[in-house]
Structures are given as C-alpha cells and as structure tokens.
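Structural features, examined
Below are the chains, spelled out letter by letter.
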Amino acid sequence: MNFRSENLKIIWVFAHLLYKFLPLDKRKSFLLSSLNRNFCTFAHKNKKMEIKKAEFTLSAPMVSMCPKDTKPEYAFIGRSNVGKSSLINMLTNNRKLAKTSATPGKTLLINHFIINNEWYLVDLPGYGYAKRSKKEINRLEQMIQGYILQREQLVNVFVLIDVRLEAQKIDLEFIQWLGESSIPFAIVFTKADKLTANKVNASVEAYKKVLSETWEELPPMFVTSSEKKQGRDEVLDYIEQINKEIANG
Ligand code: GDP
C-alpha cells in the first residue's frame, strides 16, 4: 500500500466513523456535505491541470481484473448516448481515447485510462441499455456495482446527465444508490451547446429542485459541452484539487 492510498483510507475511515454516529435522517446530508466539501474546495487560483499524457491501460470484465495499482480513480457513468465518450475525449484532448457508443464491445467493460501517470479515468458502461437481454443487463449491473462498491481507490463518480432532459427515474435511482452506498459523486450535465444559456440554467435549477426533495445538500455540478469544450477546466480543476488533498493527507 503506498502513501496516497494510505491517506485515502484514513479519510474514509474517519468519514465512516463520523457517519456511523449520525442519525439516519442526517446521513445523506453528511455524505454530500462532508465528503464533497472535503474534496471540493475549489482553487481557481491554482494552475490548471494540463493533460500531458492520457493512455488506455486495460479493459476489465470485473473489478478483480482492474489494474493492480493504487492511484486515485475517477469514474464516469451515465445512460447510453448521454455523451460520455465525447466528454472523456474532450477532457483528455484526444478525439479517439474513449470509443463512442457506435463501437460495440468496448463499452461493456470497465475501461481504465492512466492520466499524467497520476490518476485513472475510468469509463464505465452506460446504463439504461434498451436493447439488451436480461442476462446481459444483470451482468453489467453486477460489474458496475462490484467496481463502485469494492474499488478502494475510487475517489469520485461523475454521473452524466443530458441537460436537455427532465430528471429521469433511472438516473435518480442511481444517484440514490450512490448516496446510500456512501460513494462521493458529482453531476456533469452534458450537451449544453444544444440549449440556450437560459434554458441550460433553467434545466439545472429544475434538476436541483428534484434532488432537493431527497437531499439536504446538493452534490457538485458541472455544465459541459464536448462540442464547445465547455466545463473542461472546471472538471479537471475538481479532479486536481482532490488529487492534491489526497497527496497532502
Ligand atoms: P455515449 O454513448 O454516452 O458515450 O455518448 P457519445 O459520446 O457516443 O455521444 C452520443 C451522441 O451525442 C453522439 O452523436 C455525439 O456526437 C453527441 N454528443 C455528445 N456530446 C455532445 C455535445 O457536447 N454536444 C453535442 N451537440 N453533441 C454531443
């Protein structure tokens, strides 16, 4: 176990201890406020993260086959077609890093990409797969759940939401599950270029309203467009900040 993962573990153990002593109705808000606030002290004065190197590492069909490494991991997930591959390619400045949904096979595995030799970007399969058999859906769900629940070095899950759509049950259920499983997450709205700025704002506000019905505090949110490279600095700054917190203990 290296220094970073030791630090990560201490943060988690501490957070979980505090969490245990909270009454049930306060736990959700603790999760979002404490974990996310700890990791979410934005430092826009900091130098922006540069992506110097982004390389595919491996595709794993189950968590036990993921890289034997302890560097922090950031997972990206959303319904198929939400714009996940485009976002990953936009963030890493590489038009071909993540395969788009048009490429069968790759999108059904846990895909690891090593960034700047410092952290992993993890591309998880899209959920809400309409044309798949029950067996296949079960396998994918187990794979995703296994990764999210068991991967100790997973620091944050980015849940992608198409900004044009009203809150969808499947996304809300997934977010609920993340919270109940004590997994820190942030929301990334995609395809912002497809709406006017006013409509994007209205859509984000509507989403916040829906989440506020269940959560006392809201997770970090990012508005992005892969077409316009919007939101890139903000998402990368967020990751950079968490990486620094982990490195500094
Ligand atoms: P995935 O299935 O979630 O990986 O989604 P893809 O990245 O393959 O994108 C699905 C479709 O949405 C493709 O036709 C993309 O060109 C389009 N798309 C993705 N992101 C954006 C965006 O930011 N703006 C626009 N206008 N289209 C996008």
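Here is a short report on the structure shown in this document. None of these values were measured; they are calculated from a predicted model.

Looking at the pairing of strand β6 (residues 185–190)
In terms of burial, β6 is a largely internal element, six of the six residues being buried. Residue alternation in β6 divides its side chains into two sets, Phe185, Ile187 and Phe189 and Ala186, Val188 and Thr190, and both sets are buried. Relative to β6, strand β5 (residues 154–162) is paired through six bridges, and the arrangement is parallel. Within the sheet, the bridge partner assigned to Ile161 lies in β6 and is Phe189. Here three bridges tie β6 to strand β7 (residues 221–223), and the two strands are oriented parallel to one another. Bridge pairing links Phe189 to Val223 in β7.

Some thoughts on the environment of Phe76
As for its placement among the helices and strands, Phe76 is situated in strand β2 (residues 73–78). In this structure Phe76 comes out as buried when scored by relative accessible area, which is 0%. Through-space distance from the C-alpha of Phe76 to that of Leu87 is 9.3 Å; in sequence the pair is 11 residues apart. With residues up to four places along the chain from it excluded, the contact list for Phe76 reads Lys84, Leu87, Ile88, Leu91, Leu121, Val122, Asp123, Leu124, Phe158 and Leu160.

Re the sheet that holds β5
Strand order across the open sheet formed by seven strands is β1-β3-β4-β2-β5-β6-β7, with mixed pairing between neighbours. One side of each edge strand has no neighbouring strand; the edge strands of this open sheet are β1 (54–60) and β7. The sheet shows a mean angle of 25° between the axes of neighbouring strands, taken without regard to direction. As judged from the six bridges shared by β2 and β5, these two strands associate in the parallel manner. The residue bridging Phe76 from the neighbouring strand is Phe158, located in β5. The sheet strands contacting helix α3 (residues 84–92) are β1, β2, β3 (110–115), β4 (119–123), β5 and β6, and the helix crosses β2 at an angle near 145°. The sheet strands contacting helix α5 (residues 169–180) are β2, β5 and β6, and the helix crosses β5 at an angle near 165°.

With respect to the pattern of salt bridges
Enumeration over the complete set of coordinates arrives at eight salt bridges. Of the charged contacts in the structure, one is a salt bridge between Arg151 and Glu73, with a shortest N-O distance of 2.7 Å. Here the residue Arg151 occupies a position in the loop between α4 (134–150) and β5, and Glu73 occupies one in strand β2, the gap between them amounting to 78 residues. When its relative accessible area of 9% is taken as the criterion, Arg151 is described as buried. Its relative accessible area of 0% is what places Glu73 among the buried residues. Lys84 is the partner of Asp123 in a salt bridge, and the nearest nitrogen-oxygen pair spans 2.5 Å. Here Asp123 is found in strand β4, whereas its partner Lys84 is found in helix α3, with 39 residues between them in sequence. Overall, the relative accessible area of 5% leaves Asp123 in the buried class. Classification of Lys84 by relative accessible area gives buried; the value is 10%.

Some points on the environment of Pro184
Among the structural elements, Pro184 can be located in the loop between α5 and β6. Taking C-alpha positions, Pro184 is 5.2 Å from Asn156, a pair spaced 28 residues apart along the chain.

Parameters and conventions
Residues numbered from 1 in each chain as written. Predicted model: local features only at pLDDT ≥ 70, side-chain atom pairs only at ≥ 80, totals over all residues. Heavy atoms only, no water. Buried < 20%, exposed > 50% of the residue type's maximum accessible area, 1.4 Å probe, protein only. Helix = DSSP H or I, 4+ residues; strand = E, 2+ residues; numbered from the N terminus. Pairing = 2+ DSSP bridges. Contact = heavy atoms within 4.5 Å. Axes fitted to C-alpha atoms, helices over the stretch in contact; angles between N-to-C directions. Salt bridge = Lys/Arg side-chain N within 4 Å of Asp/Glu carboxyl O.

As far as function goes, none of this settles anything; it's purely spatial.
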